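Chain by chain, the residues run as shown.
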Amino acid sequence: MAKALYLGDSYLRECDATVVSVTDGKYVVLDQTLFYPKGGGQPWDTGKIIKGNDVYNVVYVGKFSGEISHEVDRLGLNPRDKVHCVLDWERRYKLMRSHTAAHVFASLLCTGTGVLITGNQLDVDETRFDFSLEKFDREVLERYIDEANKLFQKDIPVKWYELPREEALKIPGVIKMAGAFPPDVDSLRIVEVVGVDRQADGGTHVRNLREVGQIKLLKAENKGKNNRRVYFSLNDTF
Ligand SMILES: [Zn+2]
């Protein structure tokens, strides 16, 4: 299986790789990759795979049968090709900031109100949360956004590491999503916002809360009884 370099170092923007297989001319598996595949509420990375003078744009990355598959926009890559990979860093870095912000917001909201998160989807321009709550008003949500923004002004480190499964599952709230079961593996990857939140997570995050910047509430809506949906985004003009 390809080595997923983004799990260890989410700041890696370029790497060399060797093509392992190509399916239908445009679904490429590499021996190692820095492209994040769609999953866990985080969108896929885009970027380029370069062979000599030829550039192949990576338009989609997914996990299929446990393997990370890169869809490129043209034919020409072959097994054993030596290539160079370059991430669309601007897109990824926004997702890292939003993803880290999502941990903090969700943690504050869950701790403060006892709600369960039932869905979460990040995108470059907005982050969406669904949670089970019969009633809320916008002011309450604004208050948690404000609290999160205060934390983003502090020098708070974010760490990620593996823990044995049994030990990991003893952490209160380590599985944030309602109905989510931890994967059947020996160790879980934990993402820790020091002093704020710890959860099992395979995504990419920033190393310090200061990198998030500020966030703003976009909208909140009712999606049926007991289901509320809230959208926030990075507030880069703040
Ligand atoms: Zn995460």
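Here the structure is shown first, and the text comes after it.
Residues numbered from 1 in each chain as written. Predicted model: local features only at pLDDT ≥ 70, side-chain atom pairs only at ≥ 80, totals over all residues. Heavy atoms only, no water.

Draft legend 1. Summary view of the overall build of the protein chain. The helix and strand tally for the protein chain stands at four helices and 15 strands. Along the first, second and third principal axes, the C-alpha atoms of the protein chain reach 55 × 45 × 40 Å. Going through the 238 residues of the protein chain one by one, you find that 47% of them count as buried. Considering only contacts in the protein chain between residues 6 or more positions apart, those separated by 24 or more positions represent 65%. In the form shown here, the protein chain has an accessible surface area of approximately 11,900 Å², with 49% of it arising from carbon and sulfur atoms. Charge separation in the protein chain, taken as the distance between the mean sites of 34 positive and 35 negative side-chain charges, equals 2 Å. (Helix = DSSP H or I, 4+ residues; strand = E, 2+ residues; numbered from the N terminus. Buried < 20%, exposed > 50% of the residue type's maximum accessible area, 1.4 Å probe, protein only. Contact = heavy atoms within 4.5 Å. Areas by Shrake-Rupley, 256 points an atom, 1.4 Å probe, with all protein chains shown as cover. Lys, Arg positive; Asp, Glu negative; His and termini not counted. Charge placed at Lys NZ, Arg CZ, Asp CG, Glu CD.)

Draft legend 2. Quick peek at the coordination of the zinc ion. Coordination of the zinc ion by the protein is provided by H99 (NE2), H103 (NE2), D201 (OD) and H205 (NE2), with metal-donor distances spanning 1.9 to 2.1 Å. What the four donor atoms of the zinc ion show is an angle range of 96 to 124° at the metal, which sorts the shape as tetrahedral. Read from N- to C-terminus, the donor residues coordinating the zinc ion fall into the pattern H-x3-H-x97-D-x3-H. Of the two residues, H103 is situated in helix α2 (residues 89–113) and D201 in the loop between β13 (197–200) and β14 (215–222); the sequence distance between them amounts to 98 residues. This pair shows no difference in class: H103 is buried, exactly as D201 is. (Donors = N, O, S within 2.8 Å, 3.2 Å for Na, K, Ca; no water. Tetrahedral: all angles 85-135°; square planar, octahedral: opposite > 155°, others 65-115°.)

Draft legend 3. Spatial organisation of the pairing of strand β5 (residues 47–51). Alternating residues of β5 divide into G47, I49 and K51, all buried, and K48 and I50, none buried. Looking at chain direction, β5 and strand β6 (residues 54–64) are connected through five bridges and run antiparallel. Bridge pairing links K48 to N57 in β6. Count of turn residues in the β5/β6 antiparallel hairpin: two residues, of which G52 carries a positive phi of about 60°. Two elements, β5 and strand β8 (residues 82–87), share four bridges in a ladder whose sense is antiparallel. Looking across to β8, one finds that G47 is bridged to L87. (Pairing = 2+ DSSP bridges.)

Draft legend 4. Focus on the sheet that holds strand β11 (residues 158–164). Taken in spatial order, the three strands line up as β11-β12-β13 in an open sheet, and their pairing is antiparallel. Taken across any chain shown, the strands that pair with only one partner, and hence form the sheet edges, are β11 and β13. Within the sheet, the average angular offset between the axes of one strand and its neighbour, ignoring direction, is 25°. Here four bridges tie strand β12 (residues 187–193) to β13, and the two strands are oriented antiparallel to one another. Looking at β13, one finds that V191 is bridged to Q199. (Axes fitted to C-alpha atoms, helices over the stretch in contact; angles between N-to-C directions.)

Draft legend 5. Up close: α2. With 25 residues, α2 extends 36 Å between its outermost C-alpha atoms, agreeing within 8% with the 36 Å of an ideal straight helix rising 1.5 Å per residue. Of all the 25 residues making up α2, 19 are buried; the element is thus mostly covered by neighbouring parts of the structure. Looking one or two residues past α2, G114 carries a phi angle of roughly 75°, positive in sign. (Expected span 1.5 Å × (residues − 1).)

Draft legend 6. The sheet that holds strand β10 (residues 127–132), seen in detail. The strand order across the open sheet built from four strands is β9-β10-β15-β14, with neighbouring strands paired in antiparallel fashion. Strand pairing shows two members of the sheet lacking a second neighbour, β9 (116–122) and β14, which therefore form its edges. Between one strand axis and the next, the sheet turns by 20° as a mean value, whatever way the strands run. The pairing of β14 with strand β15 (residues 228–234) spans seven bridges and is classified as antiparallel.

Draft legend 7. Spatial organisation of the pairing of β13. Here β13 shows a buried face lined by D197 and Q199 and an unburied face lined by R198 and A200. From the end of β12 to the start of β13, which pair antiparallel, there are three residues, and G195 there has a positive phi angle of about 80°.

Draft legend 8. Inspection of the environment of R92 at higher detail. Locating R92 in the fold gives a position in helix α2. Residue class for R92 comes out buried when judged on its relative accessible area of 1%. On a C-alpha basis, the gap between R92 and W44 in space is 8.7 Å, while along the polypeptide they are 48 residues apart. Not counting residues up to four positions away in its chain, the partners in contact with R92 are Y6, S10, L34, Y36, D45, L87 and T204. From its side chain, R92 meets the backbone oxygen of L34 in a polar contact 3.0 Å long. (Polar contact = N/O pair within 3.5 Å; in protein donor to acceptor, adjacent residues only side chain to side chain.)

By themselves, these observations are geometric and do not establish any function.
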